[in-house]
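# Structure assessment
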Amino acid sequence: MFEFDFMRHAFVGAAVVSVLAGTVGWFLMLRRQAFAAHALSHIGFSGAAGAVWLGFPPLSGMVVFSLMAGFVIGAEREGERGVPAQRDSTIGLVLAASLGLGAWFLHMSNRGSSLATTLLFGDVLGIDVPTLEALCGVAVLCLGLLAFLGRKLLFASLAPEVARARGVPARLVSVVFMAVAALACAACAEVAGALLAFSLMIGPAATALKLGLGPLAGIAVSVGLALGLSWGGLMLSWVTDAPVPFWIGLGAALSYALADLWRRFRSP
Amino acid sequence: MAENKRVCCQPERGLVLRDVTLTAGSTCVLRDASLTVPLSGITLLSGRNGAGKSTLLRAMLGLIPLQAGEILTHGLPPTQARQHIGYMPQSVTDAALLLPAVSHVRAAVDGVRWGLPLRLRARREEADRLLALTGAASFAHRPLGLLSGGERQRVGLAQALAGSPDLLLLDEPLAALDQAGQERTVRLLRDLTERLGIGIVLTSHETEALSGAVTRGVQLADGGLHVRV
C-alpha cells in the first residue's frame with residue numbers, strides 16, 4: 001500500500017494529527033472540556049464550508065472559525081471555583097450559531113451534499129503536499145504553545161483556585177489553551193472529518209485517563225493510542241474498504257472499554 | 001471580645017488589614033475594619049453562615065478586590081505576597097479524579113512557572129516530602145477519586161504547602177469530616193505550625209474540635225472583626 005503517494009501522505013498526515021490530538025485531547029479531558037472538542041470540530045466544519053464558498057482552502061476556514069470560537073469559549077468569565085459556571089451554555093450557543101452559518105455557507109456555495117460529506121467525514125486519502133505542510137505548521141505551533149503553557153496549564157487544570165491564589169493567570173492560560181485546542185481540532189477535522197475528529201481527540205485521552213496514569217505517562221499513552229487508531233484505521237480501511245473514520249471511532253470506543261475492564265479487574 | 005482596631009502590634013511580620021471595606025454581591029462583609037494578627041499558631045476565623053469568611057480569605061489572596069483599605073502580609077499587598085501564602089479551598093479539587101494524588105501535588109510544586117518541567121527528580125522529591133509532611137505518603141499513588149474526604153484534605157494541604165509558605169489560609173478544613181477525622185486534622189495542623197514555624201488562618205464552625213489548638217480567634221460579624229486571644 002505504500003507504493004502510492006496518497007497512502008504515504010495519509011500515513012504522515014495521520015501521524016502528525018495523532019501527536020496533536022493525543023496531547024491536546026489529554027488536557028481537554030483533564031479539564032472536562034470534551035464538549036468543547038466536539039463543538040470546535042463542528043465549528044471548523046462551518047468555517048470550511050465558508051472557505052469553500054469564498055474560494056479558499058477548507059483548512060484555512062476551519063482554522064479561522066475554530067480560533068474565533070476558541071477565543072470566545074476560553075474568554076468566558078470564571079465562577080467562584082475557578083471554572084466558568086456557564087461553560088456548556090456558551091459552547092452550545094457558539095456551536096449553534098456556527099452550524100447555522102455553516103448551513104448558510106453550504107447553501108451559498110451550491111455544493112451542498114457532496115461538500116458536506118467530505119467535510120463531515122474527512123478525506124484522509126486526499127491529503128496533498130501543501131495540506132501536509134499546513135498540518136505540520138499547525139502541529140508545531142500548537143505543541144510549541146502547549147509546551148510554553150505546560151506547568152501553569154496543568155496546575156490550573158488540576159487545582160484552579162489554588163493556582164489562581166499562587167498567581168497563575170488562569171484566564172489567560174484558558175484562552176491560549178482554547179486557541180490551541182481550536183487549531184488542533186481544525187487539523188484533526190482535516191484528516192478524520194468534523195464528525196470524527198472528536199473521536200481521535202477524546203478516545204485515546206479518555207483511555208489514558210481511565211488507566212489512572214500521571215501526566216507524562218498519560219500523554220505518552222494517549223499519543224501512542226491515537227497513532228495506533230489512525231494508522232490502524234488506514235490499514236484496516238485498505239484491507240476492508242470500510243471508511244477510515246469508521247475504524248477510528250470503533251477503535252476509540254473499544255480501547256476505552258478495555259481500559260475500563262482493566263480498571264475494574266485491578267480495583268479491589 | 002472587643003472591637004479590634006490594631007489590637008496586636010507586630011505589623012512587620014503579621015497579617016494586617018487596614019480600614020478594609022469588602023463586599024460580596026449586595027452583602028457588606030467588612031466596613032472600615034482593621035486587624036493585625038501575628039503569623040504564628042492557629043487563628044480561627046469564625047462567623048455565621050454567609051458572613052463572608054471565605055470571601056475574606058479570597059480577598060487576603062488578592063482574588064477579590066477590596067472596595068477600600070488594604071491587606072498586607074509581611075508588609076506586602078496580596079499580589080506580591082503570594083510566595084508567602086498557601087491556600088486550601090473549601091472543596092479540595094474535584095478535577096481529574098482518576099489521576100494519582102501525587103500528580104496533583106507535583107503540579108503544585110512548580111506550577112507557577114511557564115514551560116515544561118525540567119528538574120523532574122527535584123520536583124518528585126519535593127512532592128514526596130510534602131506528602132510525607134501531611135501524612136499522605138501511604139496513599140499518594142492512588143487515584144484522588146478513590147480517597148476519603150480526610151485523605152483528600154491531606155493531599156490538599158500538601159498542595160497548599162508547595163512553595164514553602166509561612167502562612168496557610170484554609171477554608172473550612174474540618175467540614176465534611178467525622179469527629180475522628182476532625183481530631184486527626186487538628187493534630188496535623190498543630191503539628192505543622194510547630195514543625196514548620198508557620199501560621200495558619202482557618203475558617204470553621206467546628207469550634208469544639210479546635211478548642212485547645214487555636215491560638216486566637218477572630219469573629220467576623222456586622223461588618224467588623226472581633227479578636228479573642
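Quick caveat: nothing in here was measured; it's all calculated off a predicted structure. Sequence positions are assigned chain by chain, starting from 1 and proceeding in written order. Starting at A for chains and at 1 for ligands, labels are handed out in the order in which the entities are written. In keeping with the model being predicted, local features are shown solely for residues with a pLDDT of at least 70 and side-chain atom pairs are shown and tallied solely at 80 or more, while totals for entire chains, interfaces and linings include all residues. Just so you know, side-chain values use all the structure's heavy atoms and leave hydrogens and water out.

With that out of the way, let us pick up the overall build of chain B. Helix and strand counts for chain B stand at six helices and ten strands. Whereas a compact globule of 229 residues would reach a radius of gyration of roughly 17 Å, chain B reaches 17 Å, a difference of no more than 12%. Oriented by its inertia axes, the alpha-carbon framework of chain B measures out at about 50 × 40 × 35 Å. Split into buried and exposed, the 229 residues of chain B put 55% on the buried side. The contact rule is simple, with two residues in contact once any of their heavy atoms fall within 4.5 Å. Intrachain contacts of chain B at a sequence separation of at least 6 include 71% that bridge at least 24 residues. Residue exposure ignores everything except the shown protein chains as possible cover, and the areas themselves are Shrake-Rupley values with a 1.4 Å probe. Accessible surface for chain B amounts to roughly 9,900 Å². Of this, 49% is attributable to carbon and sulfur atoms. Averaging the locations of the 25 positively and 21 negatively charged side chains of chain B gives two centres separated by 5 Å. Put simply, DSSP marks the helices as runs of H or I at least four residues long and the strands as runs of E at least two long, and each gets a number from the N terminus on. With C-alpha atoms as the basis for the radius of gyration, the globule rule is written as 2.2 Å multiplied by the number of residues raised to the power 0.38. Each residue gets one of three labels from its accessible area relative to the maximum for its type: buried under 20%, exposed over 50%, partly exposed in between, using a 1.4 Å probe on protein chains only. Working convention for charge: Lys and Arg count positive, Asp and Glu count negative, and His plus the chain ends are omitted. Here the site of a charge means atom NZ of a Lys, CZ of an Arg, CG of an Asp or CD of a Glu.

All names here are of chain B. Burial along strand β6 (residues 85–88) is two-sided: the face carrying I85 and Y87 and the face carrying G86 and M88 are both buried. A pair of strands is considered paired only if DSSP assigns at least 2 bridges between the two. Where β6 meets strand β7 (residues 167–171), four bridges bridge the pair, whose relative direction is parallel. For Y87, the partnering residue across the bridge sits in β7 and is L169.

So, about the interface of chain A and chain B. Counting residues at the interface gives 34 residues for chain A and 37 residues for chain B. Buried area is calculated as the accessible area (1.4 Å probe) missing from two parts once they are joined, with the contributions of both summed. Around 3,100 Å² of area is buried between chain A and chain B when both sides are counted, 60% of it from carbon and sulfur atoms. Contact with chain B buries area across many residues of chain A, yet R151(A), L158(A) and R166(A) alone supply 27% of it, more than any other trio. Salt bridges are counted wherever a side-chain nitrogen of Lys or Arg sits within 4 Å of a carboxyl oxygen of Asp or Glu. Counting across the interface, chain A meets chain B through two salt bridges. A salt bridge links D110(B) to R151(A), with the nearest nitrogen and oxygen atoms 3.6 Å apart. Elements that contribute at least two residues to the side of chain A that touches chain B include exactly α1 (5–30), α6 (129–158), α7 (160–165), α8 (170–210) and α9 (215–240) of chain A.

Taken as a whole, this structure holds ten salt bridges over all chains when the rule is applied. The salt bridge involving E70(B) is made with R18(B); its shortest N-O contact spans 2.6 Å. Of the two residues, E70(B) is situated in strand β5 (residues 68–73) and R18(B) in strand β2 (residues 14–24); the sequence distance between them amounts to 52 residues. A residue is classified by how much of its surface remains accessible, and E70(B), at 32% relative accessible area, is partly exposed. Taking the relative accessible area as the measure of exposure, R18(B) reaches 29% and is therefore partly exposed. The closest approach of N and O atoms between R123(B) and D110(B), which form a salt bridge, is 3.8 Å. Taken together, the positions of R123(B) in helix α3 (residues 120–133) and D110(B) in the loop between α2 (101–109) and α3 put the pair 13 residues apart, joining distant regions of the chain. Accessibility assignment for this pair places R123(B) and D110(B) in one class, buried. In the salt-bridge network here, residues are joined through shared partners; they are R151(A), D110(B) and R123(B).

Quick look at helix α5 (residues 179–196) of chain B now. All names here are of chain B. By definition here, a helix of n residues has an expected span of 1.5 Å times n minus one. Relative to the 26 Å expected for 18 residues at 1.5 Å per residue, α5 spans 26 Å between its end C-alpha atoms, a close match to the ideal helical length. Regarding α5, the residues found buried are G181, Q182, T185, V186, L188, L189, L192 and T193. For α5, the angular spread of buried residues about the axis comes to 160°, placing them on one side. Within α5, the exposed residues directed more than 90 degrees away from the buried face are Q179, R187, E194 and R195. Buried residues belonging to α5 abut β4 (41–46), α3, α4 (149–160), β7, β8 (199–203) and α6 (207–210). Just downstream of α5 lies G197, where phi reads positive at about 65°. In this description, one arc is meant: the one made by directions from the helix axis to the C-beta atoms.

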